[in-house]
Amino acid sequence: MKTGVSVDFYPLRFEPIYQQYLWGGRRLGTELNKPIGDGPTFAESWELVDHGGSQSIVRFGPLAGRSLGQLVRESGRDLLGEKTENEINCGSRPGNLRGRFPLLFKFLDANRNLSVQVHPDDRMGARLDPPDLGKTEAWYVMDAKPGALVYAGLREKVSRAELLQAVETNSAESVLHCFEPKAGDCLFIPAGTVHALGEGLLIAEIQQCSNTTFRLYDWGRLDKDGKPRELHVEQGLDATDFGCGPVHPRQPISIDENIESIVACDQFHLQRVKLKADREFSTGGSFRILAVTDGKLSIEGDPSSEPMTRGSTCLIPAGMPSFGVRVNSDTEFLMVSPG
């Protein structure tokens, strides 16, 4: 294929990329049906990514074996839609960030607390070496064990000096807003928000396609070599938005009898869809990401012989004007579109 060539796109399912971090567990396999075997633990399943060497690979159909990055470069308009293609190729973007799929979708198994961390916004990300996008994200809670906590934002009126003192005295919890979430909750975490997922959470996450994290605090633990993990306190403080305050679960807004809007920001729109019967959807000229959180569904034109179940994801290209979703029972899925 040549750059700009029109492609007969269809629903695209990709090979997950699994990440092993010290806080991971086994729930990606036991609850989300990921083929992680019986051995090591896994923290994240990157379902859709185009970030340097981390490339989602198409699993089925005529495009099997092609990477997401290749498809963006070769047929960006048909894959993304005109608006998103223009945005990712804008001349004001640093050169290494142009022509890249703008979002990353993943599942996370927090078997232990994640570090207390913060991500830069686009402006700060562009000044890094090498430049990166900012990282605004949203978490959808797929399951929460009793007593599991999220740490989402600082408490009211916490200052830079107070956050620094809490980090230096190993008491970061004292300045963090935390609560026990429940399955179905969604939290919007704009870039600059101090945050951490707590032990016992299973999360679906949509974010800008960035992997820049400034670790402020790591609960005093050691890595596999018996050493503390690196902290990035000064960079983290510089990235922190001290005006954002506590983050609470989003209140969904009903669009129609099946669709709720959960997050709408400049980077992405996140909706929750609940179906009891088949339905047709329009792409509106932009891509859609579907992720099943409960039940089972099939998408017309999907070359895979297997239906999508809990933990399955799919990319609907912008070049498909519409797509039909077929269900046999009550089914819930997340649907993401560009901002």
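Before reading on, note that the structure itself is shown above.
Residues numbered from 1 in each chain as written. Predicted model: local features only at pLDDT ≥ 70, side-chain atom pairs only at ≥ 80, totals over all residues. Heavy atoms only, no water.

Counting through the fold element by element, Gly37 comes out in the loop between helix H1 (27–30) and strand E3 (44–48). Sequence separation between Gly37 and Ala196 is 159 residues, and the spatial gap between their C-alpha atoms is 28 Å. (Helix = DSSP H or I, 4+ residues; strand = E, 2+ residues; numbered from the N terminus.)

Let's shift gears to the sheet that holds strand E21 (residues 296–299). Sheet architecture is open: four strands sit in the order E19-E24-E21-E22, paired in antiparallel fashion. One side of each edge strand has no neighbouring strand; the edge strands of this open sheet are strand E19 (279–282) and strand E22 (308–309). Pairing of E21 with E22 involves two bridges; the strand directions are antiparallel. Looking at E22, one finds that Leu297 is bridged to Met308. (Pairing = 2+ DSSP bridges.)

Moving on, we come to the packing of aromatic side chains. Two numbers describe a pair of aromatic rings. These are the distance of the centres and the angle of the planes. A full pass over the atoms with the stated rule returns nine aromatic pairs. These aromatic residues form a ring-pair network of at least three members: Tyr151, Tyr217 and Trp219. (Phe/Tyr/Trp six-rings, centres within 6.5 Å; stacked < 30°, edge-to-face > 60°.)

Another point: the nonpolar core. One finds Leu12, Phe101 and Leu315 to be the most contacted residues of the largest nonpolar core, which totals 40 residues. With five residues, the top contributor of residues to this core is helix H2 (residues 68–80). Leave out the neighbours within four places in its chain, and Leu315 touches Tyr10, Pro11, Leu12, Phe14, Leu48, Leu68, Leu79, Phe101, Phe287, Arg288 and Ile289. Membership of the second largest hydrophobic core comes to 20 residues, among which are Leu163, Ala172, Val175 and Leu176. (Core = buried A, V, L, I, M, F, W, Y, C linked by side-chain atoms within 4.5 Å. Buried < 20%, exposed > 50% of the residue type's maximum accessible area, 1.4 Å probe, protein only. Contact = heavy atoms within 4.5 Å.)

Moving on, we come to the sheet that holds strand E23 (residues 313–316). In spatial order, the strands read E16-E17-E18-E25-E20-E23; together these six strands make up an open sheet with antiparallel pairing. Each of the sheet's edge strands pairs with one partner strand only, and the pair in question is strand E16 (253–254) and E23. Pairing analysis gives two bridges linking E16 to strand E17 (residues 259–264), with the strands arranged antiparallel. Residue pairing across strands places Ile253 opposite Ser261, the latter belonging to E17.

Taken as a whole and judged by the stated rule, the model has 25 salt bridges. Its salt-bridge partner being Asp132, residue Arg100 comes within 3.5 Å of it at the nearest N-O pair. Of this pair, Arg100 sits in the loop between helix H3 (82–88) and strand E7 (103–110) while Asp132 sits in the loop between helix H4 (122–126) and strand E9 (137–144); the two residues are 32 residues apart in sequence, bridging distant segments of the chain. Asp132 carries the same exposure label as Arg100, and that label is buried. Put simply, Arg272 and Glu260 hold a salt bridge, and the shortest N to O gap is 2.9 Å. In this pair, Arg272 sits in strand E18 (residues 268–275) while Glu260 sits in strand E17, placing the two residues 12 residues apart along the sequence. Assessed through its relative accessible area of 8%, Arg272 is described here as buried. Looking at Glu260, the relative accessible area reads 22%, which means it is partly exposed. Through salt bridges with shared partners, one network takes in Arg27, Glu31, Asp143 and Arg310. (Salt bridge = Lys/Arg side-chain N within 4 Å of Asp/Glu carboxyl O.)

Along helix H5 (residues 160–168), the residues classified as buried are Leu163, Ala166 and Val167. One side of H5 holds all its buried residues, which, seen down the axis, span an arc of 100 degrees. Exposed and oriented more than 90 degrees from the buried face of H5 are Ala161, Gln165 and Glu168. Following H5 by one or two positions, Asn170 adopts a phi angle in the positive range, close to 55 degrees. (Arc of directions from axis to C-beta.)

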